[in-house]
Amino acid sequence: AIGCLIGLTTPILVRRLKGYRLITAIYASSQAIMCIPLAAIALQTDQSPSSPLLLFLFATLYTLGSYAGGSAWNSWSGCFTPPSVRTHYTARRNFILQSGLLAGVALSGVLLHFAENASAESLPSWLPTGDPLIGRAFALLFLTGSLCRVVSAFYIVKIHDAPAFAAQETGLTL
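A brief structural summary. What you are looking at is a predicted structure, and each value in this text was computed from that prediction instead of being measured. (Residues numbered from 1 in each chain as written. Predicted model: local features only at pLDDT ≥ 70, side-chain atom pairs only at ≥ 80, totals over all residues. Heavy atoms only, no water.)

**So, the overall build of the protein chain**
Then comes step 1: Secondary structure summary: the protein chain contains five helices and zero strands in total.
Then comes step 2: Ordered by position in the sequence, the α and β elements of the protein chain form the string α-α-α-α-α.
Then comes step 3: In the protein chain, which comprises 174 residues, the share counted as buried stands at 27%.
Then comes step 4: Surface accessibility of the protein chain: about 11300 Å² in total, with carbon and sulfur atoms responsible for 70%. (Helix = DSSP H or I, 4+ residues; strand = E, 2+ residues; numbered from the N terminus. Buried < 20%, exposed > 50% of the residue type's maximum accessible area, 1.4 Å probe, protein only. Areas by Shrake-Rupley, 256 points an atom, 1.4 Å probe, with all protein chains shown as cover.)

**With respect to the packing of helix H2 (residues 21–43) against helix H5 (residues 133–158)**
Then comes step 1: Between H2 and H5, whose axes approach to 8 Å, the crossing angle comes to 165 degrees. The angle between H2 and H5 places the two elements in the roughly antiparallel class. Crossing hand, H2 versus H5: left-handed.
Then comes step 2: In terms of residue class, the contact of H2 with H5 is built from 17 nonpolar, six polar and three charged. (Axes fitted to C-alpha atoms, helices over the stretch in contact; angles between N-to-C directions. Parallel < 35°, antiparallel > 145°, perpendicular 65-115°, else oblique. Left-handed = near helix turned anticlockwise from the far one by under 90°. Nonpolar A, V, L, I, M, F, W, Y, C, P; charged D, E, K, R; others polar.)

**Section: the state of the cysteines**
Then comes step 1: For the structure on display, the rule yields zero disulfides.
Then comes step 2: There is no disulfide at Cys 148, and the cysteine sulfur nearest it, in Cys 35, is 9.2 Å away. (Disulfide = S-S within 2.5 Å.)

**Details of unusual backbone geometry**
Then comes step 1: In this structure, Lys 18 is a non-glycine residue whose phi angle is positive, near 55 degrees.
Then comes step 2: With respect to the helices and strands, the residue Lys 18 is situated in the loop between helix H1 (2–17) and H2.

**A word on a nonpolar patch on the surface**
Then comes step 1: Together, Leu 147, Val 151, Phe 154 and Tyr 155 make up a nonpolar patch on the protein surface, roughly 420 Å² of accessible area in all.
Then comes step 2: Inspection of the secondary structure puts Val 151 in helix H5. (Patch = residues over 30% accessible without salt bridge, like charges linked within 9 Å, V, L, I, M, F, W, Y side chains within 5 Å. Salt bridge = Lys/Arg side-chain N within 4 Å of Asp/Glu carboxyl O.)

**Comments concerning the layout of surface pockets**
Then comes step 1: Approximately 1300 Å³ is the volume attributed to the largest pocket.
Then comes step 2: If you trace the largest pocket, you find 36 residues lining it, with Tyr 62, Leu 97, Leu 101, Cys 148 and Arg 149 closest to the centre.
Then comes step 3: For the lining of the largest pocket, the class distribution of residues is 19 nonpolar, 15 polar and two charged. (1 Å grid on protein atoms, 1.4 Å probe; cavity = no way out; pocket = protein on both sides within 12 Å on 5 of 7 lines; lining within 4 Å. Points joined across faces, edges and corners; volume = space filled by probe spheres on them.)

By themselves, these are just geometric observations and shouldn't be taken as functional.
And the structure:
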C-alpha cells in the first residue's frame, strides 16, 4: 500500500522538477544506495535482533524507489519513443528485462547453492576457513544489483528530458 502511495506522489515531483529525468535518476540512485546496507547486513555474522528489522527497512526503501521510479519512467518513455515504434520497443524491452531477470535469478540460485554447500576443502585458499560464505554470496548479489542501478542512473541522466507538462498539451494528464 505504501508503494502505491509513493507512486502517486511521482507526478507532483515531476511537475515540481519540471521534467522526468531527474526524478527517475534520483529513484534509480536511491535503489543503488539501498543495496549497500543490504550487503552489509548480509555480511553480519552476529545476527543481532535488529538485523531483520533493518533488512525489512532497506528492502522496503528499495522497493519504494522501484514503484516511484517506474511511474516516472513509464510516463517519460512515452515522450521520447516515437508512436510508430512504441509498441515494438516496449514489448522488446520488457522481453529483454524479463529474460535478464530470469537469468539473474537462476545465476543467483546457483551462486547461493554453491555458497551454502561449499566445504572448507573446496574453498579457495584466500578465503579464511569458517567464513560465512553464504553471507558473502548475498553481499555480492546486492553489490552487483547496486552497480547495475548506478549504470542505469548514469544512462538515465544522458537521455534528453521531456517537459513535465508535454502530456497536458494533448489533453492527457499524469
